[in-house]
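Listed below are the residues making up each chain.
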Amino acid sequence: KQWYQRRVRGDSVFIHYNVARIAHIRKIYDHMDKLTDKIDIGMLDLDIEWALICQLVNFEQVFEQSLIVPITKTGNQSQVTLSIHRIFQFLVKFVKLFSKYYSSTKVITYDQKESLVIRMNTRMLLVNSVFDLLEFCLTKIFGVPLVLII
């Protein structure tokens, strides 16, 4: 049991560490002067980018499968509960995937060439989507306030 608790604690720290990484990227991006605000989803051409998109889309199914609706003997539904460990397992895998992406992919560019700025804008859309999912899970499901001082 102690091994499991240490693992969960370590995974929680890793999730929060990546939330802070994303917040830092977002802060840099928000303060940049950009040539254009255009995005082009077709510029997400890395397998890992599409893996992240698939996981973002898959979250709805994971969430639905985590809902437990017990049925009483009379056929009435009682209080709905949420299988939090399934969502936590999803988040750990999701954040590991994002961390691999962050480590291997240059998201921010200071080059003002239009195609590079469009790629950066598009990648930031993906990064923001990752952040939004993590923020939803941490604040709404797990009740953890996000205090980001960067």
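Notes on the structure in this doc start here.

Thresholds applied
- Residues numbered from 1 in each chain as written.
- Predicted model: local features only at pLDDT ≥ 70, side-chain atom pairs only at ≥ 80, totals over all residues.
- Heavy atoms only, no water.
- Helix = DSSP H or I, 4+ residues; strand = E, 2+ residues; numbered from the N terminus.
- Expected span 1.5 Å × (residues − 1).
- Buried < 20%, exposed > 50% of the residue type's maximum accessible area, 1.4 Å probe, protein only.
- Contact = heavy atoms within 4.5 Å.
- Axes fitted to C-alpha atoms, helices over the stretch in contact; angles between N-to-C directions.
- Parallel < 35°, antiparallel > 145°, perpendicular 65-115°, else oblique.
- Left-handed = near helix turned anticlockwise from the far one by under 90°.
- Nonpolar A, V, L, I, M, F, W, Y, C, P; charged D, E, K, R; others polar.
- Core = buried A, V, L, I, M, F, W, Y, C linked by side-chain atoms within 4.5 Å.
- Salt bridge = Lys/Arg side-chain N within 4 Å of Asp/Glu carboxyl O.

## What about helix α3 (residues 84–104)?
Here is step 1: Here α3 contains 21 residues, and its C-alpha end-to-end distance of 30 Å stays within 8% of the 30 Å for a straight helix at 1.5 Å per residue.
Here is step 2: Among all positions of α3, only Ile87, Phe88, Phe90, Leu91, Val92, Phe94, Val95, Phe98, Ser99 and Tyr101 are buried.

## Comments concerning helix α4 (residues 114–141)
Here is step 1: Over its 28 residues, α4 runs 39 Å from end to end, which matches the ideal 40 Å to within 8%, given 1.5 Å per residue.
Here is step 2: Phi turns positive, to about 70 degrees, at Gly143, one or two residues after α4.

## Examining the side chain of Thr122
Here is step 1: Its place among the elements puts Thr122 in helix α4.
Here is step 2: Contacts of Thr122, omitting those with residues within four sequence positions, involve Ile39, Asp40, Ile41 and Leu44.

## A look at the environment of His85
Here is step 1: By secondary structure assignment, the location of His85 is in helix α3.
Here is step 2: For His85, a relative accessible area of 45% translates into the label partly exposed.
Here is step 3: C-alpha of His85 to C-alpha of Ser66: the two residues are 19 residues apart in sequence and 8.5 Å apart in space.

## Observations concerning the packing of helix α2 (residues 47–66) against α4
When two helices pack together, their arrangement is given by the angle between their axes and by how far apart the axes lie.
Here is step 1: Their axes nearest at 10 Å, the elements α2 and α4 cross at an angle of 30 degrees. Here α2 is positioned roughly parallel relative to α4, judged by the angle of their axes. α2 and α4 meet at a crossing whose hand is left-handed. Note on element contacts: α4 touches α2 through Arg123, Leu126, Ser129, Val130, Leu133, Phe136, Cys137 and Ile141, opposite Glu49, Leu52, Ile53, Leu56, Phe59 and Phe63.
Here is step 2: Looking at the contact of α2 with α4, its residues break down into 11 nonpolar, one polar and two charged.

## Considering the nonpolar core
Here is step 1: Membership of the largest hydrophobic core comes to 35 residues, with the highest contact counts inside it found for Tyr101, Met124 and Leu134.
Here is step 2: At the level of elements, α1 (2–30), α2, α3 and α4 are the ones that each hand at least two residues to this core.
Here is step 3: Ranked by the residues each element gives to this core, the list is headed by α4, at 12 residues.
Here is step 4: If we skip the residues at most four places from it in the chain, Met124 touches Ile25, Arg26, Tyr29, Val107 and Ile108.

## A word on the packing of α2 against α3
Here is step 1: At a closest axis distance of 10 Å, the pairing of α2 and α3 adopts a crossing angle of 170 degrees. As the angle between them shows, α2 and α3 are arranged roughly antiparallel. Between α2 and α3, the residues in contact are Ile48, Glu49, Ala51, Leu52, Gln55, Leu56, Asn58, Phe59, Val62, Phe63, Gln65 and Ser66 and Arg86, Ile87, Phe90, Phe94, Leu97, Phe98, Lys100 and Tyr101, respectively.
Here is step 2: Of the residues contributing to the contact of α2 with α3, the split by class is 13 nonpolar, four polar and three charged.

## Details of the pattern of salt bridges
Here is step 1: Summed over all chains, the structure comprises three salt bridges.
Here is step 2: Of the charged contacts, one joins Glu114 and Lys38 as a salt bridge, the two residues approaching to 3.4 Å between their closest N and O atoms. With a gap of 76 residues between them, Glu114 in helix α4 and Lys38 in the loop between α1 and α2 connect regions that are remote in the sequence.
Here is step 3: A relative accessible area of 36% means that Glu114 is categorised as partly exposed.

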